[in-house]
Amino acid sequence: MSASTPYLVFAGNKTRYLAEKICNKLECPLGQMIIERFADGEFSVSYEESIRGRDVYLVQSTFPNSDNLMELLLMIDAAKRASAHSIIAVVPYFGWARQDRKDKPRVSIGAKLIADLLSVAGISRLITMDLHADQIQGFFDVPVDHLYASSVFLEFIKSKLPLDNLVMATPDVGGSKRASSYAKHLEIPMVICHKTRQKANEVADMRIIGDVQGKDVLLVDDIVDTAGTITKAADLMMQNGAKSVRAMASHAVMSDPASELVKKSGLTEIIFTDSIPYNKKCSKVTILSVADMFAEAIRRAAHDESISSLYTIK
């Protein structure tokens, strides 16, 4: 890699697919790194080229399992010990973000713990996308560039969906700010689903606030995990007279049996970004890439340029 390159980009194993796209956009090669695994499950990280005095961008989402987070921590530590000038963690999906507060006694705040781990390991900056809660940025003592997938989604919406009959919806009250931002930008109405839970990942009851009769509904969320909420909301919309129901979410966690639930649901389509690799087969799933957005954020950060213009809506 040429010494004139202002930055170097490396990737963990499970996010290499996205890092390669990012590097293609940046017109730079992906850095050479070896992650060696041992029989007992441990692994070690080594850079196969000099990074002394260089700005190093490490692309790795911290989705399950925990090996992906541990890989990133070891990548950061190895870069620090190899005398990198700065270490920027590029984390398209920031895991543990749903644990952002104490919602009952004697529980951990996982998002704060992960922020502390990354900071202590040695990052200079974090670039991430669509955190589950905006306040997680405040858990870090280093700069955080919080990107939004809205620019990617809006391009898809405007080119593929009928805006004159479209209604924006949220599967729960917690996502009303996100749905409202889309609705205002597109100048379309919005409805809300109000849900109650008896325990995590299981919806007890759901009701619609608003009118979906004869409308094309677009549900928006940040994460789809078990798909229980999003499919229940879609089925409820159809039962209340919706013409069609689609959904879009930034992060396709899609824990089993989420893909089967989506297939059997009233959803016409569900749109994700490639922040997490989705390798299952489901004809209703559409994947949009955020590689161009992250590449532009890296380029601007490397040249000390503003990235605020990347935010279409928040």
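Being a predicted model, the structure only gives us computed values, none of them experimental.

**Student:** I'd like to hear about the overall build of the protein, residue by residue, with values.
**Tutor:** A count of helices and strands for the protein gives 8 helices and 14 strands. Over its C-alpha trace the protein gives a radius of gyration of 20 Å, about what one expects of a compact globule, namely 20 Å for 314 residues. A principal-axis box enclosing the C-alpha atoms of the protein has dimensions of 60 × 45 × 35 Å. Sorting the 314 residues of the protein into buried and exposed places 54% on the buried side. Counting only contacts in the protein whose residues sit at least 6 apart along the sequence, the fraction spanning at least 24 positions is 62%. Per element, the accessible surface of the protein, about 14500 Å² overall, is 47% carbon and sulfur. For the protein, the centre of its 37 positive side-chain charges and the centre of its 38 negative side-chain charges are spaced 4 Å apart.

**Student:** Please set out the environment of S259 residue by residue, giving values where relevant.
**Tutor:** Tracing the chain through its elements places S259 in helix α7 (residues 258-264). Assessed through its relative accessible area of 6%, S259 is described here as buried. Leave out the neighbours within four places in its chain, and S259 touches M254, Y278, K280 and C282.

**Student:** Now, about the sheet that holds strand β1 (residues 7-11): what can you tell me, with residues and values included?
**Tutor:** By definition, the strands of a sheet pair up through backbone hydrogen bonds, in either a parallel or an antiparallel sense. Taken in spatial order, the 5 strands make up an open sheet running β1-β4-β5-β6-β7, and their pairing is parallel. Each edge of the sheet is formed by a strand with only one pairing partner; in this case those strands are β1 and β7 (144-147). Taking each pair of neighbouring strands and ignoring which way they run, the sheet shows an average axis angle of 15°. Of the strand pairs in this sheet, strand β6 (residues 125-129) and β7 are connected by 4 bridges, and their pairing is parallel. Paired with M129 across the two strands is L147, which belongs to β7.

**Student:** Provide a residue-level description of the nonpolar core, including the pertinent values.
**Tutor:** In terms of nonpolar packing, the biggest core is built from 49 residues, with Y57 and L147 touching the most fellow members. Looking at which element gives the most residues to this core, the answer is helix α8 (residues 291-302), with 8 residues. Sequence-distant contacts of L147, that is, excluding residues within four places in its chain, are made with I127, T128, M129, D130, M293, F294, A297, I307, L310 and Y311.

**Student:** So what's going on with the pattern of salt bridges? Which residues, and what values?
**Tutor:** A pair can form between side chains of opposite charge whenever their charged atoms are brought close. Counted under the stated rule, the structure contains 17 salt bridges. Between R246 and E269 there is a salt bridge, with its nearest N and O atoms 3.1 Å apart. Highlighted residues: R246 in strand β12 (residues 244-252) and E269 in strand β13 (residues 269-273), separated in sequence by 23 residues. Across the pair, E269 and R246 agree in class, each one buried. Look at the salt bridges and you will find they share partners, linking E296, R299, R300 and E305 into a network.

**Student:** Outline the packing of helix α4 (residues 150-160) against helix α5 (residues 176-186), supporting the account with residue identities and numerical values.
**Tutor:** Running from amino to carboxyl end, α4 crosses α5 at an angle of 50°, the nearest separation of the two axes being 12 Å. Relative to α5, α4 is oriented oblique. The handedness of the crossing between α4 and α5 comes out as right-handed. Contacts from S150, F153, L154, I157 and K158 in α4 reach Y182, H185 and L186 in α5. Partitioned by chemical class, the residues of the contact of α4 with α5 number 5 nonpolar, 2 polar and 1 charged.

**Student:** Can you explain the packing of aromatic side chains? Please cite residues and give values.
**Tutor:** Scanning the model with the defined rule gives 4 aromatic pairs in all. Their ring planes at 65° and their centres at 5.9 Å tell us that F94 and F140 sit as a pair that is edge-to-face. Placement of F94 in the loop between β5 (86-91) and α3 (110-121) and of F140 in the loop between β6 and β7 is noted, with a sequence separation of 46 residues between them. Note on accessibility: F94 and F140 belong to one class, buried. Plain terms: the ring middles of F272 and Y278 are 6.5 Å apart, the flat faces sit at 35° to each other, and that makes the pair tilted. Here F272 and Y278 have matching classes, each one buried. In this arrangement the basic side chain of R37 is found over the ring face of F43, its NZ or CZ atom lying 4.5 Å from the centre.

Thresholds, definitions, all that
Residues numbered from 1 in each chain as written. Predicted model: local features only at pLDDT ≥ 70, side-chain atom pairs only at ≥ 80, totals over all residues. Heavy atoms only, no water. Helix = DSSP H or I, 4+ residues; strand = E, 2+ residues; numbered from the N terminus. Rg over C-alpha atoms; globule rule 2.2 N^0.38 Å. Buried < 20%, exposed > 50% of the residue type's maximum accessible area, 1.4 Å probe, protein only. Contact = heavy atoms within 4.5 Å. Areas by Shrake-Rupley, 256 points an atom, 1.4 Å probe, with all protein chains shown as cover. Lys, Arg positive; Asp, Glu negative; His and termini not counted. Charge placed at Lys NZ, Arg CZ, Asp CG, Glu CD. Pairing = 2+ DSSP bridges. Axes fitted to C-alpha atoms, helices over the stretch in contact; angles between N-to-C directions. Core = buried A, V, L, I, M, F, W, Y, C linked by side-chain atoms within 4.5 Å. Salt bridge = Lys/Arg side-chain N within 4 Å of Asp/Glu carboxyl O. Parallel < 35°, antiparallel > 145°, perpendicular 65-115°, else oblique. Left-handed = near helix turned anticlockwise from the far one by under 90°. Nonpolar A, V, L, I, M, F, W, Y, C, P; charged D, E, K, R; others polar. Phe/Tyr/Trp six-rings, centres within 6.5 Å; stacked < 30°, edge-to-face > 60°. Lys NZ or Arg CZ within 6 Å of the ring centre and 35° of its normal.

Worth remembering: the numbers are spatial, not functional.
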